[in-house]
Amino acid sequence: MKQVTQHNRTGEIVLDEIPLPALKPGYILIKVRYSVISAGTEKTSVTQRKSSLLQKAKKQPELVLKVLEQVKQYGLLNTYRRVKTQLETFATLGYSVSGVVLAVGAGVMDFKVGDRVACAGGGASHAEYVLVPNNLCVKLPKNVDLDEAAYCTLGAIAMQGVRQAEPTLGETIVVIGLGLVGQLTVQLLKANGCSVIGIDLDPSAVRLAKESGANLALHRNTGDVKNVVRSFTKGIGADAVIITAGTPSNDPIVLAGDLCRDKGRVVLVGDVGIELPRAPYFMKELDFRLSRSLGAGRYDPNYEDRGNDYPIGFVRWTENRNMQEFLRLLSTKKVNVQKLTTHTFTIDDAKSAYDMIAGGKKKEREHYIGILLDYGEAEVPNLDELTRTVQMPKADLQPLPSSVPIGFLGAGNFAQGFLLPHLRNTSEATLVGVCTSNGISAKNVARNFGFQFATTEPREIIGKDAIKAVFIVSRHNHHARYTVDALKAGKHVFVEKPLALTIEELKEVQKAYNSLTKPAIVMVGFNRRFAPHAQQVKRFFENAVDPYVMNYRVNAGFIPKTHWTRDPVEGGGRIIGEVCHFIDLMQFVSGSVPAKVFAEPLSVGGAASQDDDSVAITVKFQDGSVGTITYLANGDSSVPKERLEVSSTGRTAVIDNFQTLSLYQQGKRRDFKFPSVEKGHREEVKAFLHAIQNGAPSPIAFDSMLTTTLATLKILESLQGGASVSL
């Protein structure tokens, strides 16, 4: 499918060929008819991406600090590679579309194929087909055309700003900034029975506001704006000011304070400099409010991604209900977007639209407000007729006889940062295909790492004969199923932890492995045992005769409950998702397997804490060794993440964050240090490839990986029951 994208480093606008997005539960696949370019927001995005690295750093200093922290942790070269990869990707543009439903995912009850809809959010981009969650999609009234409905997101943003201002019948409201959202705000306020004064720097926008019903429309720099507003309000001042401008200047904030009456309201919808001048805001006791996009639910994963609605008795106006109301106002002709559409471009000519708003060519002198992208009136195709795979320039290259042809299922930040760099440009592997649920992500990864094709269809990876090994780096709830399917297809499997989220899934994996008719390697990404310091510790205790005492402190840091890893269905929680690493390393060092586990959470008022997933875990091993894992979500972020102390037979080893190692024996100490954290990702990938090439067993025994996974599941059982649990 065609999709408008922008290169993160150069800012170049490209109409790219992208794999169709993969349908998933709770989501709707839509064939787009129109999308709206939000000139203000998207111009800012386009301009920022076209700026130099120094300009970007000045604009977003928090990202610079994040990069410096990564340099400290991962080293300069590794961080450079990761940043470079991000800069060489393409980003999507747009967030307001209309079209026709092509398919609905499991659990979607309110929509059916053929419904005309309007959609919002990051998924509603400038593309021929978009995948949008249920709560960000609304049906169109019969008398609302698709070109009108494409404005729905912008209308809902304007409506939320109006709601934050709480206007009442007869009040006077000033709108500062008469771009697209400002013009819609003017119309909504008029429909609400308010007197409206619009202010802007653009004479064309001022004229349009007057045509849209504003009682007064003023140019910011001509005439005495303050006196005109004072006169219009009979000396009282505006009841409220809604700022829909986009500028780094603080002028709109200052002007709003001057124009408001005593105890008035100032609502910020746009993106402006925020420095409240004390005098007017204090002396008038003004109420300053922010408006968050489309309304309640925006940026809440539980609402947007998982489809959990807010009860109407507690939250009257969610973003979905704001969208519905805007369409109703279009239907009753209380709002008119036709007069706002100044330009329409075909999707094939989208670059001209961005040239215009960026002011790069002669069209920079044109006045624009509403810009539509038209995708044509082609018939809605059958879903099976659409391709979800895009071939890359390297598609015809043949792998070297000794290399392992590889396919990836999932390729997020972890895969791009810690696995793919060790597979790119090596004679030991050939990167054949990559599959992600998001088409632009799959295409970016294929382009950056040299895959032969990008897809959103997992069967293209698992069922392709040319692929001999599959790396599974998807969300956790897919790991077991993909592993089983890949084994049944005769593939070698590298699966990131966790191997499974439930006992039942673990049994399915074990059954598939035991049913193999020819040998295949299954390896879970327990990388820490391959770290150079871990290998050195193993050699240090090579002839130890006593059981081990192992203390593992993990400063994991806080993650909000809304993060996908803490979702019980998608991520399984942090115990399953991360603690398995530490159990595996203890198994490796001790040479024994867990026999019993006990876990204790933090408690508040006698009950387990719901917000803090810190936990203390004791693992008893079959040889008598004991391991403790102190997993901290409440520690200071400046403390290094991991520290392992191992003692046995008169010796002690201390690994500090896989950067330094201290070995103690007979009163002597030896220290070893790496310039950056080395957790064994390179070594585990190399070991996996070598095992395939040489027909050797898996670098980690299959039973060991099963036991590690089972131990983490039993830890959850211990947390729930409050007692130790035997494996």
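All values derive from a computational prediction rather than experimental measurement. (Residues numbered from 1 in each chain as written. Predicted model: local features only at pLDDT ≥ 70, side-chain atom pairs only at ≥ 80, totals over all residues. Heavy atoms only, no water.)

**Student:** What should I look at first to understand the nonpolar core in this one?
**Tutor:** In summary, soluble globular proteins display a tendency toward joint burial of nonpolar side chains. With 63 residues, the main nonpolar core has I406, F408, L423, F451, F471 and F688 as its most contacted residues. Beyond its immediate chain neighbours, meaning those up to four positions away, F471 contacts I406, G407, F408, L409, L419, L423, F494 and F688. Y34, A205, A240 and M323 belong to the second largest nonpolar core, which has 52 residues in total. (Core = buried A, V, L, I, M, F, W, Y, C linked by side-chain atoms within 4.5 Å. Buried < 20%, exposed > 50% of the residue type's maximum accessible area, 1.4 Å probe, protein only. Contact = heavy atoms within 4.5 Å.)

**Student:** Looking at this model, I keep getting lost on helix α22 (residues 681-694). Mind explaining?
**Tutor:** Since the α-helix turns once every 3.6 residues, residues separated by three or four places project in the same direction. Given a rise of 1.5 Å per residue, 14 residues ought to cover 20 Å, and the 20 Å separating the end C-alpha atoms of α22 matches this to within 8%. Among all positions in α22, only H681, E684, V685, F688, L689, A691 and I692 are buried. Each buried residue of α22 sits inside an arc of 155° when the element is viewed along its axis, so together they form one side. Against the buried residues of α22 lie β20 (404-409), α15 (413-419), β21 (429-435), β23 (469-472), β24 (492-495) and β25 (522-524). Phi turns positive, to about 65°, at G695, one or two residues after α22. (Helix = DSSP H or I, 4+ residues; strand = E, 2+ residues; numbered from the N terminus. Expected span 1.5 Å × (residues − 1). Arc of directions from axis to C-beta.)

**Student:** Hey, could you run me through the sheet that holds strand β4 (residues 90-92) in this one?
**Tutor:** Adjacent strands of a sheet form backbone hydrogen bonds with each other and so pair up, either parallel or antiparallel. Read from one edge to the other, the open sheet built from three strands follows the order β2-β1-β4, with strand pairing classed as antiparallel. Every interior strand has two partners, whereas the edge strands, β2 (13-17) and β4, have only one. Along the sheet, successive strands turn relative to each other by an average axial angle of 50°, direction set aside. Bridge analysis of strand β1 (residues 2-7) against β2 gives five bridges, and the strand direction is antiparallel. Among the inter-strand pairings, T5 is bridged to a residue of β2, identified as V14. Running over the sheet, helix α16 (residues 439-449) touches β1, β2 and β4 and is turned about 175° from β4. (Pairing = 2+ DSSP bridges. Axes fitted to C-alpha atoms, helices over the stretch in contact; angles between N-to-C directions.)

**Student:** Looking at this structure, how should I read the packing of helix α6 (residues 152-165) against helix α13 (residues 319-331)?
**Tutor:** Two quantities define a packed helix pair, namely the angle between the helix axes and the distance between the axes. Look at α6 against α13: their axes get within 8 Å of each other, and the N-to-C directions meet at 105°. The angle between the axes of α6 and α13 places the two elements in the roughly perpendicular class. On α13, the residues that touch C152, G155, A156, M159, Q160 and R163 of α6 are N322, M323, E325, F326, L327 and L329. Per-class residue counts for the contact of α6 with α13 are seven nonpolar, three polar and two charged. (Parallel < 35°, antiparallel > 145°, perpendicular 65-115°, else oblique. Nonpolar A, V, L, I, M, F, W, Y, C, P; charged D, E, K, R; others polar.)

**Student:** What am I meant to see in the packing of aromatic side chains here?
**Tutor:** Where two aromatic rings form a pair, the distance of their centres and the angle of their planes describe that pair. A complete count under the given rule lists 13 aromatic pairs for this structure. Between Y281 and F288 the ring centres are 6.4 Å apart and the planes differ by 75°, which places this aromatic pair in the edge-to-face class. Residue classification places Y281 among the buried positions, given a relative accessible area of 9%. Ring centres of F408 and F451 lie 5.9 Å apart, and the angle between their planes is 75°; on these two criteria the pair is classed as edge-to-face. In this pair, F408 sits in strand β20 while F451 sits in the loop between α16 and β22 (453-455), placing the two residues 43 residues apart along the sequence. The same class applies to F408 and to F451, which are both buried. (Phe/Tyr/Trp six-rings, centres within 6.5 Å; stacked < 30°, edge-to-face > 60°.)

**Student:** What am I meant to see in the pairing of strand β34 (residues 660-665) here?
**Tutor:** For a regular strand, side-chain orientation follows a simple rule: the groups alternate between the two sheet faces. In the sheet, strand β33 (residues 651-656) pairs with β34 via six bridges, with the strands oriented antiparallel. When the sheet's bridge partners are listed, T652 is paired in β34 with Y664. Where β33 hands over to β34, the hairpin turn is made up of three residues, of which N657 adopts a positive phi near 60°. The pairing of β34 with strand β35 (residues 668-673) spans six bridges and is antiparallel. Paired with Q665 across the bridge in β35 is K668.

**Student:** Where do I start with the pattern of salt bridges in this structure?
**Tutor:** It is possible for side chains bearing opposite charge to pair when their charged atoms get close. A full pass over the atoms with the stated rule returns 36 salt bridges. Across the pair D567 and R306 runs a salt bridge whose closest N-O atoms are separated by 3.5 Å. Taken together, the residues span a long stretch of sequence, with D567 in the loop between β26 (549-555) and α21 (574-590) and R306 in the loop between α12 (301-304) and α13 at a distance of 261 residues. What emerges from the salt-bridge pattern is a single network uniting E171, D239, R261 and R265. (Salt bridge = Lys/Arg side-chain N within 4 Å of Asp/Glu carboxyl O.)

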